[in-house]
Amino acid sequence: MATTQPAAFPDGFLWGASTAAHQVEGNNVASDFWQAENDGSWGLADRSGDACDSFHRWPEDLDIARDLGLNAYRFSIEWARVVPAPGHPSPAMLAHYRRMIEGCEERGLTPVVTLHHFTNPAWLTAEGGWTSDGAIAHFAEYVRAVLPILDGVRWVCTINEPNMVAFMAARRKQGLGDGSPFLSPPDPGVTAALVRAHAQARELLAAVPGVRSGWTVANQNVQDHGAGPDRTAEVSYLIDDQYLDVAKGDDFVGVQAYSRLRVGESGIVLPGPDDRRTMTGWEYYPAALEDAIRHTAARLGASTPLLVTENGIATSDDDERIAYTGEAVTGLARALADGIDVRGYLHWSLLDNYEWGSWEPTFGLVAVDRTTFRRTVKPSARWFGQLVRDPAATLGGPAAS
Ligand code: BGC
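Rules behind the numbers
- Residues numbered from 1 in each chain as written.
- Predicted model: local features only at pLDDT ≥ 70, side-chain atom pairs only at ≥ 80, totals over all residues.
- Heavy atoms only, no water.
- 1 Å grid on protein atoms, 1.4 Å probe; cavity = no way out; pocket = protein on both sides within 12 Å on 5 of 7 lines; lining within 4 Å.
- Points joined across faces, edges and corners; volume = space filled by probe spheres on them.
- Helix = DSSP H or I, 4+ residues; strand = E, 2+ residues; numbered from the N terminus.
- Contact = heavy atoms within 4.5 Å.
- Near = heavy atom within 4 Å.
- Polar contact = N/O pair within 3.5 Å; in protein donor to acceptor, adjacent residues only side chain to side chain.
- Areas by Shrake-Rupley, 256 points an atom, 1.4 Å probe, with all protein chains shown as cover.
- Nonpolar A, V, L, I, M, F, W, Y, C, P; charged D, E, K, R; others polar.
- Expected span 1.5 Å × (residues − 1).
- Bend = angle between axes of the 7 residues up to and from the residue.
- Buried < 20%, exposed > 50% of the residue type's maximum accessible area, 1.4 Å probe, protein only.
- Salt bridge = Lys/Arg side-chain N within 4 Å of Asp/Glu carboxyl O.

### Focus: the layout of surface pockets
Thought 1: Within this model, the second largest pocket holds a volume of roughly 320 Å³.
Thought 2: Taken together, 16 residues form the lining of the second largest pocket, with Gly-129, Trp-130, Ala-169, Arg-172 and Val-190 sitting closest to its centre.
Thought 3: The element that contributes the greatest number of residues to the lining of the second largest pocket is helix H8 (residues 162-173), accounting for five residues.

Structure below.
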């Protein structure tokens, strides 16, 4: 018989929203992504331009997060800004990011800091990117430069979605645009470099008292759709599990989930016209988060805590965002009730932002006018604030089934 229990989220559970530097700051001119946006080499539709101007307006963003009642904010430090030329870290940029960390603390927001979120300095890409000879040493130089500003920070994501980074590298090698469907395997050379960069960053971060470090994986939720268990497990290993395995023994792993990937007899089955889809073309599948949490926990065992570092939906229908998020968080609550150690939920994203080549998909709890940069808090953001204050009342009993 169905039982209804109040949603039980442990004390200290992190409730927040996430962003990434290139997607919100604007004018990230020393990065490879900026370069590709402007020279057309990656076939991107839109330029990031001023983005949300969060490089200047971050205090306003943090005020919004605080006023909604959130207790955490995830953002990334931009390598291309901190090390605009190899061997010459910028003290002014480090001071900028230190102010953001302190800005979070002053507002009661736990900073969750990402060191690498997709973009590389343009000079590194010119040298050959992650597989170039000096890449690992360059990343170490960057991490060393950042260490002093991390004082007091408890959560650091070394590399965001290494599986996506390696996948995008493979696409670019083949001359395919970033937006084309997920059909090619991640680049093994880039994967190996990222694994080394991550291990090295964790070693360096161990010098920061109290810090927990880990990386975040884009969980694709690979499901058998006629391919059979062996082939499904192979695909899952290639795009998810090999990256989860690296996290064994880390202080935590970031879970990021949006949809699922079905594998049929002749390969990946893309969502068809009969499937409900979101603005990114992904299947509307709010169970993604619970699936990803359970899969990650099963793969890594009980000793690696989980932190949901991203989950959300690109939609212009804010009620749909509420419905999707409500279902996703209900699934998270079920996983918690089953004893899975999840430390927080960080929604993607605080702001409508630059979605890696396009301004069209809107993931934000908050809309941003692209000319005045005025922020407008959406009803979903207020709903999310209410969820944080009273999950049981807002979700209506997540153990109900
Ligand atoms: C990335 C974000 C991105 C989001 C939605 C994740 O892959 O970390 O930067 O905007 O998904 O596509």
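Right, picking up where we left off after that structure.
### A closer look at the environment of Val-146
Thought 1: Tracing the backbone through its elements, the reader meets Val-146 in helix H7 (residues 135-146).
Thought 2: Here the alpha-carbon distance between Val-146 and Met-164, two residues 18 residues apart in the chain, equals 24 Å.
Thought 3: If near-sequence neighbours (up to four positions away) are discounted, Val-146 is found in contact with Ile-77, Val-82, Leu-94 and Leu-115.

### Quick word on the site of the ligand
Thought 1: The immediate surroundings of the ligand are formed by 13 residues, with Gln-23, His-117, Glu-161, Glu-310 and Glu-355 found nearest.
Thought 2: Measuring from an oxygen atom of the ligand, one finds a side-chain N or O atom of Glu-355 at 2.5 Å.
Thought 3: Out of a free accessible area of 310 Å², the ligand has 94% covered by protein chains.

### Notes on empty space enclosed by the protein
Thought 1: For the structure on display, the rule yields two cavities of 30 Å³ or more.
Thought 2: Empty space within the largest cavity amounts to approximately 80 Å³.
Thought 3: Lining the largest cavity we find 13 residues, and of these Thr-19, Val-24, Glu-25, Phe-75 and Met-100 sit closest to its centre.
Thought 4: Of all the secondary-structure elements, those providing two or more residues to the lining of the largest cavity are helix H1 (21-24), helix H3 (54-68) and strand S2 (72-76).
Thought 5: Of the residues forming the lining of the largest cavity, the biggest block, four residues, is contributed by H3.
Thought 6: In the lining of the largest cavity, the residues fall into eight nonpolar, three polar and two charged.
Thought 7: As for the second largest cavity, its lining consists of Tyr-258, Thr-278, Trp-282, Glu-283, Gly-312, Ile-313, Ala-314 and Tyr-324.

### Digging into H3
Thought 1: Compared with the 21 Å implied by 1.5 Å per residue over 15 residues, the 18 Å span of H3 between its first and last C-alpha is markedly short.
Thought 2: Of all the bends in H3, the greatest measures close to 30° and is centred on Glu-60.
Thought 3: Buried residues of H3: Ser-54, Phe-55, Trp-58, Asp-61, Leu-62, Ile-64, Ala-65 and Leu-68, and no others.

### Observations regarding the pattern of salt bridges
Thought 1: Applying the stated criterion across every chain yields a total of 24 salt bridges.
Thought 2: A salt bridge links Glu-102 to Arg-98, with the nearest nitrogen and oxygen atoms 2.9 Å apart. Of this pair, Glu-102 and Arg-98 both sit in helix H5 (residues 91-106), four residues apart, which is roughly one turn of that helix.
Thought 3: Taking the relative accessible area as the measure of exposure, Glu-102 reaches 32% and is therefore partly exposed.
Thought 4: For Glu-320, the salt bridge goes to Arg-276, with nearest N and O atoms at 2.8 Å. Taken together, the residues span a long stretch of sequence, with Glu-320 in helix H12 (residues 318-337) and Arg-276 in the loop between strand S9 (267-269) and helix H11 (288-300) at a distance of 44 residues.
Thought 5: Residue Glu-320 is classed as buried on the basis of its relative accessible area of 13%.
Thought 6: Salt bridges linked by common partners bring Asp-63, Arg-66, Asp-67 and Arg-107 together as one network.

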